[in-house]
Amino acid sequence: MTTLAVIGTQWGDEGKGKIVDLLTEGAQMVVRFQGGNNAGHTLVVGGETYALHLVPSGILHPGKTSLVASGVVVDPGVMIGEIRALRARGVGITPDNLKISEKAHVILPYHKLLDEAREGRAAGARIGTTGRGIGPAYEDKASRLGLRMGDLLDQPLFEARVARALEEKNCLLANLYGLKPLAVAPILEMAGAWADQLGPFIADTFRIVKRAADVGLNILFEGAQGVQLDIDHGTYPFVTSSNPTAGAVSVGSGLPPNRLDKVIGLVKAYTSRVGEGPFPTELVDGTGQRLREVGNEYGTTTGRPRRCGWLDAVVVKAAVDLCGMASLAVTKLDVLCGLPEIRMATAYLLDGQRIDHVPGPLSDFARVEPVLETFEGFSEDISGARTMAGLPRQARIFLDRLSEVVGAPAGLVSVGPERGQTIFPGSFF
Ligand code: IMP
């Protein structure tokens, strides 16, 4: 049996959907362990495109169990909508193949209002959040004011806790942001409907993961976002409110740390970032625009255009080091096709000094100059390549240099959006 985590090495949007979907074939269980519906994974399965935000990608494969573990924050309305939309397209979802942790925190209407209000007010200090209430929900989890999915099934407790939370939230909504205070009753009514529809899916997911590991199932842990958005290790404060690093697999699902066998790092062949924050290899010229258009770099969740730039191997190395990545899955290599030259940052200059790591203080990171190496481009259509040898020489040189700088080999290369358009010699399980 193997437990495998797939983690984004950059600022998210590395093309996880396709890779997770591919790896799901070898897994019996797929687990989301952090984040919420700020994530958006696009999958093309059997010619059909699916955009999933909360339901694990494993759901598209019959016979697999998908878990939303305790480290995730769940917007029940979004979850219900996603289940309904998938069922309408013939995807079989039952309480047998989808389980939601009783301990996962609930995103409530005031979390979304506070997220949006804070972003709206913070002129010059916006994070550029997805506005889905993610940060405020994790804040309440940490301040012990949150409500959990299991609480939906205990109405008197839910009512008392919402009333208590609203004492604080209404103060902020009305006095700080000039918004209308919220009443308990409509939230309770909503929660009643959520409990009716999601109640059968609510379970003790830790015990399910533990049992699966004990009996030797292959388990795939599906990361959301990317290492540079990690609240501890990323480019704080321009980060999300969870830990997209491999350590969170254990914290967010309960799998003991010594039971995680392998971590695969997802690397897009260039870099993108949504929202604010420093981005050393950003291209604000025609090449950046070209990457955005050819790579369709528009948010799955918000539709926002993503900022694009050259591959930053310093950032990828930080992820490899933090997560113990054994191997890389390189995505969207085909997007680079046709560029006369390709670049990659392999170090930074900080005040004239060469460094090979992401500096901790944001003010330092905002000042670094990327040391860019230039590679010959390739113009052949690579979508038909199924072996490394089938790639143009220039593309192989680029990938080899990446592996050398970050200290991990490319075990998989995606050369197009379809599942089959992949160089994947063997299985990761
Ligand atoms: P939040 O997660 O909505 O609080 O947003 C915080 C930051 O993380 C913003 O810069 C978002 O654009 C970014 N972010 C959150 N989720 C994703 C994702 O799935 N892909 C890329 N960026 C994300």
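Everything quoted here is computed from the prediction, not taken from an experiment. (Residues numbered from 1 in each chain as written. Predicted model: local features only at pLDDT ≥ 70, side-chain atom pairs only at ≥ 80, totals over all residues. Heavy atoms only, no water.)

Once that is clear, we can look at the overall build of the protein chain. Summing up its helical and strand segments, the protein chain has 12 helices and 20 strands in all. Computed over its C-alpha atoms, the radius of gyration of the protein chain comes to 22 Å, within 12% of the 22 Å expected for a compact globule of 429 residues. Taken along its principal axes, the extent of the C-alpha atoms in the protein chain is 65 × 50 × 40 Å. Buried residues in the protein chain amount to 57% of all 429 residues. Of the contacts formed within the protein chain by residues at least 6 apart in sequence, a portion of 75% connects residues at least 24 apart. Approximately 16800 Å² of the protein chain is accessible, and the part contributed by carbon and sulfur atoms is 52%. Side chains of the protein chain carry 43 positive and 47 negative charges; the gap between the two charge centres is 2 Å. (Helix = DSSP H or I, 4+ residues; strand = E, 2+ residues; numbered from the N terminus. Rg over C-alpha atoms; globule rule 2.2 N^0.38 Å. Buried < 20%, exposed > 50% of the residue type's maximum accessible area, 1.4 Å probe, protein only. Contact = heavy atoms within 4.5 Å. Areas by Shrake-Rupley, 256 points an atom, 1.4 Å probe, with all protein chains shown as cover. Lys, Arg positive; Asp, Glu negative; His and termini not counted. Charge placed at Lys NZ, Arg CZ, Asp CG, Glu CD.)

The 10 strands lie next to each other as β9-β7-β5-β2-β10-β1-β11-β15-β19-β20, forming an open sheet whose pairing is mixed. The sheet is open, and its two edges are formed by β9 (202-203) and β20 (422-423), each paired on a single side. Bridging between strand β11 (residues 262-268) and strand β15 (residues 327-331) involves 5 bridges; their strand directions are parallel. Each residue of the ladder has a partner; that of Val267, found in β15, is Val330. The sheet strands contacting helix α12 (residues 393-406) are β11, β15 and β19 (410-414), and the helix crosses β15 at an angle near 140 degrees. (Pairing = 2+ DSSP bridges. Axes fitted to C-alpha atoms, helices over the stretch in contact; angles between N-to-C directions.)

With that settled, the discussion passes to the pairing of strand β3 (residues 41-45). Most of β3 is tucked away: 4 of the 5 residues are buried. Hairpin connection, β3 to strand β4 (residues 48-52): the antiparallel pair is bridged by 2 residues, and Gly46 has positive phi, about 55 degrees.

Before going further, it helps to examine the packing of helix α3 (residues 109-121) against helix α5 (residues 155-176). Contact pair α3 / α5: the axes reach a minimum separation of 11 Å and the direction vectors enclose 30 degrees. With respect to each other, α3 and α5 are oriented roughly parallel. Where α3 crosses over α5, the two elements pack in a sense that is left-handed. Contacts between α3 and α5 involve Tyr110, Leu113, Leu114 and Arg121 from the first element and Ala165, Leu166, Lys169, Leu172, Leu173 and Leu176 from the second. When its residues are assigned to classes, the contact of α3 with α5 shows 8 nonpolar, no polar and 2 charged. (Parallel < 35°, antiparallel > 145°, perpendicular 65-115°, else oblique. Left-handed = near helix turned anticlockwise from the far one by under 90°. Nonpolar A, V, L, I, M, F, W, Y, C, P; charged D, E, K, R; others polar.)

The next subject is unusual backbone geometry. A cis amide bond, omega 10 degrees, links Tyr236 with the succeeding residue Pro237. Examined against the element boundaries, Pro237 turns out to sit in the loop between β10 (219-226) and α8 (247-253). Despite not being glycine, Arg144 has its phi angle at roughly 65 degrees, a positive value. As for its position among the elements, Arg144 is in the loop between α4 (134-142) and α5. Arg144 sits in the exposed class, given a relative accessible area of 65%.

Our next topic: the domain arrangement of the protein chain. Looking at the assigned domains, one finds that the protein chain contains domain 1 (3-95 + 204-423) and domain 2 (105-201). If you average the C-alpha positions of domain 1 and of domain 2, the two centres end up 29 Å apart. Across the boundary between the two partners, domain 1 contributes 32 residues, which contact 21 residues of domain 2. Contact between domain 1 and domain 2 buries roughly 2100 Å² in total, counting both sides, with carbon and sulfur atoms accounting for 62%. Contact with domain 2 buries surface across domain 1, with Val73, Pro76 and Ile80 losing the most and accounting together for 24% of the total. Taken together, the connections running from domain 1 to domain 2 amount to 2 salt bridges. (Domains from an automatic or database assignment. Buried area = accessible area lost by both parts, 1.4 Å probe. Salt bridge = Lys/Arg side-chain N within 4 Å of Asp/Glu carboxyl O.)

Right, let's talk about the site of the ligand for a bit. Near the ligand you find 15 residues, and of these Asp13, Asn38, Thr130, Thr240 and Arg304 are the closest. Note that an oxygen atom of the ligand is positioned 2.9 Å from one of the side-chain N or O atoms of Asn38. With the chains in place, 96% of the 470 Å² that the ligand exposes on its own is no longer accessible. Shared between two domains, the shell around the ligand holds at least three residues of each, these being domain 1 (3-95 + 204-423) and domain 2 (105-201). (Near = heavy atom within 4 Å. Polar contact = N/O pair within 3.5 Å; in protein donor to acceptor, adjacent residues only side chain to side chain.)

What follows concerns the packing of helix α2 (residues 76-88) against helix α6 (residues 184-198). Two packed helices can be described by the angle between their axes and the distance between those axes. Close contact between α2 and α6 brings their axes to 10 Å; oriented N to C, the two are set at 40 degrees. Here α6 runs oblique to α2, going by the angle between their axes. Judged by the twist between their axes, the crossing of α2 over α6 is left-handed. In contact with Pro76, Gly77, Met79, Ile80, Ile83 and Arg84 of α2, α6 contributes Trp194, Gln197 and Leu198.

What follows concerns the environment of Ala395. By the element assignment, Ala395 lies in helix α12. Since its relative accessible area comes to 1%, Ala395 is described here as buried. For Ala395 and Leu333, which are 62 residues apart along the polypeptide, the C-alpha to C-alpha distance reads 8.2 Å. In contact with Ala395, not counting residues within four places along its chain, are Leu333 and Phe378.

So, about the nonpolar core. Ranked by internal contacts, the top residues of the largest apolar core, which has 60 residues, are Ile7, Phe221, Leu333, Leu336, Leu391 and Leu402. Those residues in contact with Leu402 that lie beyond four places of it in its chain are Val267, Leu311, Ala313, Leu328, Val330 and Met344. Counting residues in hydrophobic clusters, the runner-up holds 43 residues, among them Val91, Val162, Ala165 and Trp194. (Core = buried A, V, L, I, M, F, W, Y, C linked by side-chain atoms within 4.5 Å.)

Most of β11 sits inside the fold, with 6 of its 7 residues counted as buried. One ladder, built from 5 bridges, connects strand β1 (residues 3-8) with β11; its direction is parallel. Within the sheet, the bridge partner assigned to Val6 lies in β11 and is Ile264.

Relative to the helices and strands, Thr331 resides in strand β15. Thr331 gets classed as buried once you look at its relative accessible area, which sits at 2%. At a separation of 2.5 Å, a polar atom in the side chain of Thr331 contacts the main-chain carbonyl oxygen of Glu14. Apart from the residues within four sequence positions on either side, Thr331 is in contact with Glu14, Gly15, Ile19, Leu266, Val267, Lys268, Ala269 and Ser414.

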